[in-house]
Amino acid sequence: MLEKLKQEVYEANMQLPKLDLVTFTWGNVSGIDREKGLFVIKPSGVDYDKLKPEDMVVVNLKGEVVEGEMNPSSDTPTHTVLYNEFPEIGGIVHTHSPWAVSFAAAEIDVPALSTTHADTFYGDVPVTPALTKEEIEGGYEENTGKVIVKTFKERKIDPEAVPAVLVSQHGPFAWGKTPDKAVYNAKVLEVASEIDYHALQMTRRNIEVPQYLLDKHYYRKHGKNAYYGQENAKSKEHAARK
Ligand SMILES: O=C(CO)[C@@H](O)[C@H](O)COP(=O)(O)O
């Protein structure tokens, strides 16, 4: 069943290593057939270079496996919550892309500091609060989905306007109308996270140019008793010996 969707989700998953968004088997993409109320997701722990379209697992909106030889991604409960709570989305991506994970680990939103960001995300990409001990022990992946939805509702963020989130201490989830668009949004988030990291570092550190560097430049230009002045003397001797 859902062979066409399996192919589409397979191809979207294969974009992740090509776009340098995953290491080893970390990460997963799913896509949904809203009419049938079924979604297709990557099987858990399968290397991308061994993955086949027919390996995709079909899951219903209760999170139950409907078809598939292998276990679905361990993040399936998170995808299930998001498909139920965000009815407009057609595809979801989860990765551990390092720049976005850096912001998730620091529990900092990815701020909308550049057009690279703003062309895709209408506002900062939010980071969720850290999951509580109870939420972790009471079903980490399902509660991850619930914390994402709670974050968007409490902060009045439209998931269509900002199609991504950082799960605190875990990593990014991105989504879109299709699995392919979800992958695109995941890559833009990673690029924007790297840009923002450097921008924040540069604005936070005022580096004074050491005066001696300016002096050296001055002395080099005017040939006075500086290192460069000596070099000039050496080069003149060398030239005279030729
Ligand atoms: O964060 C985790 C595991 O801690 C997962 O997101 C893995 O990175 C992907 O798991 P599978 O999709 O292969 O089950």
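Procedures and definitions
Residues numbered from 1 in each chain as written. Predicted model: local features only at pLDDT ≥ 70, side-chain atom pairs only at ≥ 80, totals over all residues. Heavy atoms only, no water. Helix = DSSP H or I, 4+ residues; strand = E, 2+ residues; numbered from the N terminus. Buried < 20%, exposed > 50% of the residue type's maximum accessible area, 1.4 Å probe, protein only. Contact = heavy atoms within 4.5 Å. UniProt positions renumbered as here; feature names shortened; annotations may be inferred. pLDDT = per-residue confidence, 0-100. Pairing = 2+ DSSP bridges. Axes fitted to C-alpha atoms, helices over the stretch in contact; angles between N-to-C directions. Near = heavy atom within 4 Å. Polar contact = N/O pair within 3.5 Å; in protein donor to acceptor, adjacent residues only side chain to side chain. Areas by Shrake-Rupley, 256 points an atom, 1.4 Å probe, with all protein chains shown as cover. Nonpolar A, V, L, I, M, F, W, Y, C, P; charged D, E, K, R; others polar. Left-handed = near helix turned anticlockwise from the far one by under 90°. Phe/Tyr/Trp six-rings, centres within 6.5 Å; stacked < 30°, edge-to-face > 60°.

**Quick notes on the overall build of the chain**
Phase 1 of the analysis: The helix and strand inventory of the chain stands at nine helices and seven strands.
Phase 2 of the analysis: Burial analysis of the chain (242 residues in total) assigns 44% to the buried set.
Phase 3 of the analysis: For the chain, long-range pairs separated by at least 24 residues make up 63% of all intrachain contacts whose partners lie at least 6 apart in sequence.

**With respect to the UniProt feature "domain: Class II aldolase/adducin N-terminal" (unreviewed entry) in the chain**
Phase 1 of the analysis: As recorded in UniProt, the feature "domain: Class II aldolase/adducin N-terminal" (unreviewed entry) lies at residues 7-197.
Phase 2 of the analysis: Span residues 7-197 is 39% helix and 16% strand, its end C-alpha atoms 36 Å apart.

**Re the confidence of the model for the chain**
Phase 1 of the analysis: Looking at the chain, the pLDDT average stands at 91 and 87% of residues meet or exceed 70.
Phase 2 of the analysis: Interface predicted TM-score (ipTM) for the complex: 0.95; the corresponding pTM is 0.86.

**Here's the deal with the sheet that holds strand β6 (residues 164-167)**
Phase 1 of the analysis: An order of β4-β3-β2-β1-β5-β7-β6 is seen for the seven strands of this open sheet, with the pairing classed as antiparallel. Lying at the two open borders of the sheet, with one neighbouring strand each, are β4 (65-67) and β6. This sheet shows a mean twist of 25 degrees between the axes of neighbouring strands, independent of strand direction.
Phase 2 of the analysis: Two elements, strand β1 (residues 28-33) and strand β2 (residues 38-41), share four bridges in a ladder whose sense is antiparallel.

**Quick word on the site of the ligand**
Phase 1 of the analysis: Close to the ligand lie Thr 25, Trp 26, Gly 27, Asn 28, Ser 44, Gly 45, Ser 73, Ser 74, Asp 75, His 94, His 96 and His 170.
Phase 2 of the analysis: Here an oxygen atom of the ligand and a side-chain polar atom of Asp 75 are 2.5 Å apart.
Phase 3 of the analysis: Take His 94: an N or O atom from its side chain is 3.0 Å from an oxygen atom of the ligand.
Phase 4 of the analysis: Relative to its unbound accessible area of 380 Å², the ligand is 76% covered by the protein chains.
Phase 5 of the analysis: Looking at side-chain class alone, the shell around the ligand contains one nonpolar, 10 polar and one charged residues.

**Focus: the packing of helix α2 (residues 76-85) against helix α6 (residues 140-154)**
Phase 1 of the analysis: Look at α2 against α6: their axes get within 6 Å of each other, and the N-to-C directions meet at 35 degrees. Taken as a pair, α2 and α6 cross one another with a handedness that is right-handed. Judged by residue contacts, Pro 77, Thr 78, Val 81, Leu 82 and Glu 85 of α2 engage Glu 141, Glu 142, Thr 144, Gly 145, Lys 146, Ile 148, Val 149 and Lys 153 from α6.
Phase 2 of the analysis: Residues of the contact of α2 with α6, tallied by class, amount to five nonpolar, three polar and five charged.

**A closer look at the packing of aromatic side chains**
Phase 1 of the analysis: Using the criterion set out here, one finds six aromatic pairs in the structure.
Phase 2 of the analysis: On the numbers, 5.5 Å between centres and 80 degrees between planes, the contact of Phe 24 with Trp 26 is edge-to-face.
Phase 3 of the analysis: On the accessibility criterion, Trp 26 (40% relative accessible area) is partly exposed.
Phase 4 of the analysis: Plain terms: the ring middles of Phe 39 and Tyr 83 are 5.0 Å apart, the flat faces sit at 40 degrees to each other, and that makes the pair tilted.

**Here's the deal with the side chain of Thr 120**
Phase 1 of the analysis: When you line up the elements, Thr 120 lands in the loop between α4 (115-118) and α5 (133-137).
Phase 2 of the analysis: The residues contacting Thr 120, other than those within four sequence positions of it, are Ala 161, Pro 163, Tyr 184, Asn 185 and Val 188.

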